[in-house]
Amino acid sequence: MIRKENQCKIEYREHMRDGDGTVLLTNFVNSPEDLCNKGRLFSKITLNPGCSIGYHVHENDSELFYILKGIAQYNDNGNIVTVSAGDVTICPPGQGHGIANKRDEVVELIAVIVYA
C-alpha cells in the first residue's frame, strides 16, 4: 500500500496534553490496523514557536520522537534537555515526557507510539 501525502489526515490539537498553543499533526496512519495493531500513532508533529506538548506519562505504550528540524526543550521525566535535528528520544512505559519550542523557528519531529 502507498499513502500519498495528500491522503494523510491533518489534525490541529489545541493545548495538546495541556501544552501551549496549537500543535499540527500530519498522521501517516489512519488506525492501529495500519501498524498491525502494534501501535497507535505515526505522525509528523509541527511545533510553531511558543507551542508545546505538555508533560504526560505513558502507561501501556512507548513513544519515540525523531527530531527533523529545529531545537526544542525535551522534558525527560523532569529532566529538561535540549534536543535538535537528528536526535531521538525514547519514552518507555511508566515514564513521562513533554516537548516545547521556546525558539523563533519551527520544530518538526516524527512521533511513533507503540504498544508495550
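In case you missed it, the structure is sitting above this.
In short, a report on the structure.

Thresholds applied
Residues numbered from 1 in each chain as written. Predicted model: local features only at pLDDT ≥ 70, side-chain atom pairs only at ≥ 80, totals over all residues. Heavy atoms only, no water. Helix = DSSP H or I, 4+ residues; strand = E, 2+ residues; numbered from the N terminus. Rg over C-alpha atoms; globule rule 2.2 N^0.38 Å. Buried < 20%, exposed > 50% of the residue type's maximum accessible area, 1.4 Å probe, protein only. Contact = heavy atoms within 4.5 Å. Areas by Shrake-Rupley, 256 points an atom, 1.4 Å probe, with all protein chains shown as cover. Lys, Arg positive; Asp, Glu negative; His and termini not counted. Charge placed at Lys NZ, Arg CZ, Asp CG, Glu CD. Polar contact = N/O pair within 3.5 Å; in protein donor to acceptor, adjacent residues only side chain to side chain. Phe/Tyr/Trp six-rings, centres within 6.5 Å; stacked < 30°, edge-to-face > 60°.

Section: the overall build of the protein chain
- Secondary structure assignment for the protein chain yields 0 helices and 10 strands.
- Since a compact globule built from 116 residues should have a radius of gyration of about 13 Å, the 14 Å found for the protein chain is in line with a globular shape.
- The principal-axis extents of the C-alpha atoms in the protein chain amount to approximately 35 × 30 × 25 Å.
- The burial tally for the protein chain puts 38% of its 116 residues in the buried class.
- Nonlocal contacts in the protein chain, meaning residues at least 24 apart in sequence, comprise 60% of its contacts between residues at least 6 apart.
- Surface summary for the protein chain: the accessible area is close to 6,600 Å², and the carbon and sulfur share equals 49%.
- Charged side chains of the protein chain number 11 positive and 15 negative; the gap between the two group centres comes to 5 Å.

Concerning the side chain of Asn27
- Inspection of the secondary structure puts Asn27 in strand 2 (residues 22-27).
- Polar side-chain contacts of Asn27 include one of 2.6 Å to the side chain of Ser43.
- Setting aside anything within four residues of it in sequence, one finds Asn27 in contact with Cys8, Lys9, Glu11, Leu41, Phe42 and Ser43.

A look at the packing of aromatic side chains
- On inspection of all chains with the given rule, the structure shows 2 aromatic pairs.
- Measuring from ring centre to ring centre gives 4.9 Å for Phe28 and Phe42, while their planes differ by 65°; the resulting arrangement is edge-to-face. Separated by 14 residues along the polypeptide, Phe28 in the loop between strand 2 and strand 3 (39-47) and Phe42 in strand 3 bring together distant segments of the chain.
- What makes Phe28 partly exposed here is its relative accessible area of 23%.
- With a centroid separation of 6.1 Å and 80° between ring planes, the pair formed by Phe65 and Tyr74 is classed as edge-to-face.

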